[in-house]
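Given next are the chains, with one letter for each unit.
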Amino acid sequence: DWYPWGDEAFARARAEHKPILLSVGYSACHWCHVMERESFENDATASLMNELFINVKVDREERPDVDHIYMSAVQLLTGRGGWPMTMFLTPDGKPFYGGTYYPPEDRHGMPGFPRVLQAIAQAWNERPDDVERSVSEIHERLVQLEGQRPTDDIPGVAALLAAAAQLARAHDEDYGGIGTAPKFPNTGVYDVFLRAEVRGSDRRYTDMTLFTLRKMAEGGIYDQLGGGFHRYSVDQRWLVPHFEKMLYDNAQLVPLYVAAHQISGDAFYARIARQTLDYVVRELRDPAGGFWSTQDADSEGEEGKFFVWHLDELTEHLGAESAELAARYWDVTPEGNFEGHNILHVTLSVPQLAGLFRRDLADVELLLAEARATLFAAREQRIKPGLDSKVLTSWNGLMISAFARAADVLGDAGYVRVATDALDFIARELQRGDRLLSTWKDGVAKLNGYLDDYVFVAAAAVDLFEATQQRRHLDHAVQLMDSALAHFWDADAGGFFFTSDDHEALIVRSKPAFDGSIPSGNSVAALTLLRLAHYLDRADYRERAEAVLRLFAQPLDSQPFAFANLLAAVDFHADGPREIAVVGDPTAPATAALLAQLRATYVPNRTLWVLDPSDPTPRPALLEGKHAVDGRPTVYVCHRMTCSAPATRWEDVAPLLR
């Protein structure tokens, strides 16, 4: 008898003096569905739950505020976390016991769920002093977790380089990635590596990044037919994924592949970025303009069934000759590489394949492209995995940034349209004045916005401004950051709370700093404030960003893996951006060519203004006195309060960006 999180459930718990059983999960969570089938849909177990508890079900993606608090409690209790999360609370919402997945009966040293239910109920009724002691201890530690105090110092480039060196020690030289198994994309770590090379001129950081991105894109974690990345790999080789595809993973990976293309000049990385964005447009884009959340791992009750193949299926669809070549390329064998099935992954390069089959390289490339299209079309006839079609504001901010970054570097006007439509969708459907709602589905927006909603969308608006030079996007970013400062800022210790000052009161007001599957809201806020401070000469924004960096300086130094995204803000603050001004008619071919070269260059910290000399709009301070030389498009690069001489040739501009 599930209740949503809210007053009704807590009032009934108080009236009947029963504890609350809180179950937190999400639609693409495989083990959430397993526990649902094994326990929640079992008549005997459900009766026990309804008799002994008030049961509350929460979607962690809609209520990350609730999820964060009780996940912290689970980790305090058990030393680990995950979903499904199963917590037992007092009628005022304070946790006293919990865990994650429980099997339907005793198994592998884990107690069965019915036994857990009876033991918890017995403790609640017969040992209230023990329960109260547990409540007090957990609550005190939860409050302590949010009690970070600022230091006097702001971390600098040395912190970035030290973090990169420490993280590099965990790099897997055989398969790429961090650690062994399971393996997650860890996009923030590779952003740190790319920045560290710029600061320290150590080529190994780029080598590790390019190697990892190639291994991932050739692995089973990447959908070789449809594009897009699955959640993570359960093995060291990136072969066997958890098959769900999350909007946020793909949103964070696209800019990294775009940066890899900028650095290497290798079209492979741009192709992976494009295929991923194509997947999002095809499978996760709502007709209204926003992006849906998740494609499930399961179809027809089996994890990964939609994505795997048998060798005879390749022969059926491709014919014997093409199937033999495609099977060798994607490692499709009679015995399979995953539970008797085959997960497509790349086992050798196209030139190696051409040499092995003694075929012309161009012919092999064409054959593989045709095989990919044919197999994709055949797969489209299968029953597709489930889809979570809710639109989350924060995740949409991440994906808008991905399309904007790709448009900026790859020059694709279609990506600009997709990003603009999505940002306009948020403004139209999820924004009320300067306030945001957090989720939308089937035309209905609801739930007070969280910090991530404001700062991820503000960052996306800055990214879209840089791609389009439309001032309205910069104004939108300012509006949202001002609202975040008004409603989320901690005037005592600095930093941003996760919930606003008019949010529902929870047992603690959290201030999450660690990166998880998405970046920390505080890290994105700090970087966005610094970017806007340079664009608009806002000293107040810079001061607030510095307060965030001071607040988390100490844990950043000791736990760089958890603060990888904050290190981007550290880097931006320490070195300052290359402030680039291009003066010239934006529609002229010469200006477009110069801009394309600028945009194709990896500059981790930059601002970009494009000024049309004929535009009468008042100029930002950076652009005062800057003119086109002899009527030609002209570039000015400023750094640390010093501006270069005007440059009209790329060979003169390029050194200014390093």
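All values derive from a computational prediction rather than experimental measurement.

So, empty space enclosed by the protein
Thought 1: Under the criterion given, the structure shown has four cavities of 30 Å³ or more.
Thought 2: Here the largest cavity defines a volume of roughly 920 Å³.
Thought 3: In terms of lining residues, the largest cavity is bounded by 39 residues, among which Asp 191, Arg 195, Pro 255, Arg 405 and Leu 527 are the most central.
Thought 4: Going through the elements one at a time, helix H8 (187–200), helix H10 (247–264), helix H16 (393–410), helix H18 (451–468), helix H20 (521–536) and helix H23 (564–575) are the ones with two or more residues in the lining of the largest cavity.
Thought 5: Among the elements that make up the lining of the largest cavity, the one with the highest residue count is H16 (eight residues).
Thought 6: Its boundaries defined by the atoms lining it, the second largest cavity holds a volume of some 90 Å³.
Thought 7: Lining the second largest cavity we find Gly 220, Tyr 222, Asp 223, Gln 224, Leu 225, His 230, Phe 243, Phe 307, Trp 309, Ile 343, Leu 344 and Arg 379.
Thought 8: Of the residues assigned to the lining of the second largest cavity, the class counts are seven nonpolar, three polar and two charged.

Concerning H10
Thought 1: For H10, spanning 18 residues, the distance from its first C-alpha to its last is 26 Å, which sits close to the expected 26 Å at 1.5 Å a residue.
Thought 2: Phi turns positive one or two residues past the end of H10, at Gly 265, with a value near 75°.

A look at the packing of helix H19 (residues 471–488) against H20
Thought 1: Two elements in contact, H19 and H20, have axes whose closest approach is 11 Å; the angle formed by their N-to-C orientations is 130°. Looking at the two axes, H19 sits oblique to H20. The element H19 and its partner H20 pack so that their crossing is left-handed. In contact with Arg 471, Leu 474, Ala 477, Val 478, Met 481 and Leu 485 of H19, H20 contributes Ala 525, Thr 528, Leu 529, Leu 532, Tyr 535 and Leu 536.
Thought 2: Here the contact of H19 with H20 is built from residues that sort into ten nonpolar, one polar and one charged.

Comments concerning the packing of H18 against H19
Thought 1: Two numbers describe how H18 lies on H19: the axes approach to 8 Å, and their chain directions differ by 160°. The angle between the axes of H18 and H19 places the two elements in the roughly antiparallel class. Considering how the two elements wind past one another, H18 and H19 form a crossing that is left-handed. Residue-level inspection shows Leu 451, Tyr 454, Val 455, Val 457, Ala 458, Ala 461, Val 462, Leu 464, Phe 465 and Thr 468 of H18 in contact with H19, the latter providing Arg 471, His 473, Leu 474, His 476, Ala 477, Leu 480, Met 481, Ser 483, Ala 484 and Phe 488.
Thought 2: Residue classes in the contact of H18 with H19 are distributed as 15 nonpolar, four polar and one charged.

Observations concerning the side chain of Thr 499
Thought 1: As for its placement among the helices and strands, Thr 499 is situated in the loop between H19 and H20.
Thought 2: For Thr 499, a relative accessible area of 7% corresponds to the buried category.
Thought 3: Discounting chain neighbours no more than four positions away, the residues touching Thr 499 are Asp 65, Tyr 450, His 487, Phe 488 and Arg 509.

Regarding the nonpolar core
Thought 1: Counting 148 residues, the largest nonpolar core has Tyr 257 and Phe 496 as its most contacted members.
Thought 2: Sorting elements by how many residues they give to this core places H18 first, with twelve residues.
Thought 3: If sequence neighbours within four positions are ignored, Phe 496 has contacts with Leu 451, Met 481, Ala 484, Leu 485, Phe 488, Trp 489, Lys 511, Asn 522, Ala 525, Leu 529 and Val 548.

Thoughts on unusual backbone geometry
Thought 1: Omega for the bond connecting Trp 83 with Pro 84 falls within 30 degrees of zero, at 10°, which places this linkage in the cis form.
Thought 2: Along the polypeptide, Pro 84 turns up in the loop between helix H4 (64–78) and strand S4 (85–89).
Thought 3: The omega torsion of the bond from Ala 181 to Pro 182 falls at -5°, within 30 degrees of zero and hence cis.
Thought 4: In this fold, Pro 182 is placed in the loop between helix H7 (157–168) and H8.
Thought 5: Phi at Gln 469 is positive, roughly 65°, even though this residue is not glycine.
Thought 6: In this fold, Gln 469 is placed in the loop between H18 and H19.

Quick notes on the sheet that holds strand S18 (residues 606–611)
Thought 1: Across the sheet, four strands lie side by side as S18-S17-S19-S20; this open sheet has mixed pairing. Every interior strand has two partners, whereas the edge strands, S18 and strand S20 (642–643), have only one.
Thought 2: As paired elements, strand S17 (residues 578–583) and S18 share six bridges and run parallel to each other. Following the sheet pairing, Ala 581 is matched in S18 by Trp 609.
Thought 3: Sheet strands touched by helix H24 (residues 589–599): S17, S18 and strand S19 (634–639). Its angle to S18, the strand with the most contacts, is close to 175°.

What to know about the state of the cysteines
Thought 1: Considering all chains together, one arrives at two disulfides under this definition.
Thought 2: One disulfide in the model links Cys 29 with Cys 32; its S-S distance is 2.2 Å. Between Cys 29 and Cys 32 the sulfur-sulfur dihedral comes to about 80°; the bridge is accordingly right-handed. The same class applies to Cys 29 and to Cys 32, which are both buried.
Thought 3: One disulfide in the model links Cys 638 with Cys 643; its S-S distance is 1.9 Å. Across the disulfide from Cys 638 to Cys 643, rotation about the S-S bond amounts to roughly 100°, and the bridge is consequently right-handed.
Thought 4: The class for Cys 638 is buried, based on a relative accessible area of 3%.
Thought 5: Here the disulfide map of the protein chain reads 1-2, 3-4, the bonded cysteines being numbered as they appear in the sequence.

Quick look at the sheet that holds strand S8 (residues 245–246)
Thought 1: What the three strands build is an open sheet, ordered S8-S9-S12; its pairing is antiparallel. Edge positions in the open sheet fall to S8 and strand S12 (387–388), since each of these has one partner strand only.
Thought 2: Pairing analysis gives two bridges linking strand S9 (residues 294–295) to S12, with the strands arranged antiparallel. Note on S12: the bridge partner recorded for Thr 294 is Asp 388.

Structural notes on the packing of aromatic side chains
Thought 1: Inspection of every chain in the model, using the stated rule, returns 33 aromatic pairs.
Thought 2: Seen in terms of ring centroids, Phe 291 and Phe 403 are 5.6 Å apart; in terms of plane orientation they differ by 0°. Their pairing is stacked. Pair noted here: Phe 291 is in the loop between helix H11 (267–283) and S9 and Phe 403 is in helix H16, with a separation of 112 residues, a long-range link. No difference in accessibility class separates Phe 291 from Phe 403, as the two residues are buried.

Some thoughts on the pattern of salt bridges
Thought 1: Evaluation of the coordinates by the stated rule reveals 54 salt bridges.
Thought 2: Of the charged contacts in the structure, one is a salt bridge between Arg 133 and Asp 130, with a shortest N-O distance of 2.5 Å. Taken together, the residues span about one helical turn, with Arg 133 and Asp 130 both in helix H6 (residues 128–145) at a distance of three residues.
Thought 3: For Arg 133, a relative accessible area of 47% puts it in the partly exposed group.
Thought 4: Take Asp 130: its relative accessible area is 35%, and that puts it in the partly exposed class.

Brief notes about helix H21 (residues 539–551)
Thought 1: Compared with an ideal rise of 1.5 Å per residue, which puts 13 residues at 18 Å, H21 spans 18 Å between its outermost C-alpha atoms and is within 8% of the ideal.
Thought 2: Those residues of H21 that fall on the buried side of the exposure criterion are Tyr 541, Ala 545, Glu 546, Ala 547, Val 548, Leu 549 and Leu 551.
Thought 3: Residues of H21 that are buried sit in contact with H19, H20, helix H22 (553–558) and H23.

Basis of the calculations
Residue positions are counted from 1 within each chain, in the order its sequence is given. Residue-level local features of this predicted model are given only where pLDDT is at least 70; pairs of side-chain atoms are given and counted only at 80 or more, and the full residue set underlies all totals for whole chains, interfaces and linings. Excluding hydrogens and water, the side-chain values take into account all heavy atoms of the structure. Residues are said to line a cavity or pocket when one of their atoms sits within 4 Å of a point; the points come from a 1 Å grid over protein atoms alone, cavities being sets where a 1.4 Å probe fits but cannot get out and pockets being open sets with protein on both sides within 12 Å along at least five of seven lines. Grid points are joined across faces, edges and corners, and a volume is the space filled by probe spheres set on the points. Secondary structure counts use DSSP, requiring at least four H or I residues in a row for a helix and at least two E residues in a row for a strand, with both numbered from the N terminus. Throughout this entry, Asp, Glu, Lys and Arg are counted as charged residues, while Ala, Val, Leu, Ile, Met, Phe, Trp, Tyr, Cys and Pro are counted as nonpolar. The remaining residues, Gly among them, count as polar. Multiply 1.5 Å by the residue count of a helix minus one, and that product is the helix's expected span. Here, axes are lines fitted to C-alpha atoms. For helices the fit covers the stretch in contact, and angles between N-to-C directions go from 0 to 180 degrees. Any angle that is under 35 degrees is reported as roughly parallel, and any over 145 degrees as roughly antiparallel; angles of 65 to 115 degrees are reported as roughly perpendicular and all others as oblique. Less than a right angle of anticlockwise turn of the near helix away from the far helix marks a crossing as left-handed, whereas a clockwise turn marks it as right-handed. Residue contacts follow a heavy-atom distance rule, with two residues in contact if any of their heavy atoms lie within 4.5 Å. Three labels apply to residues, based on accessible area from a 1.4 Å probe with only protein chains included: buried if under 20% of the type maximum, exposed if over 50%, partly exposed otherwise in between. Only buried Ala, Val, Leu, Ile, Met, Phe, Trp, Tyr and Cys residues count toward a nonpolar core, and they belong to the same one when joined by side-chain atoms within 4.5 Å. For two strands to be treated as a pair, DSSP must find at least two bridges joining them. Throughout, disulfides are identified as pairs of cysteine sulfur atoms within 2.5 Å of each other. Each aromatic pair joins two rings of Phe, Tyr and Trp (for Trp, the six-membered one) with centres within 6.5 Å, and gets the label stacked for planes under 30 degrees apart, edge-to-face for over 60, and tilted for any other angle. Throughout this description, the term salt bridge denotes a Lys or Arg side-chain nitrogen within 4 Å of a carboxyl oxygen of Asp or Glu.

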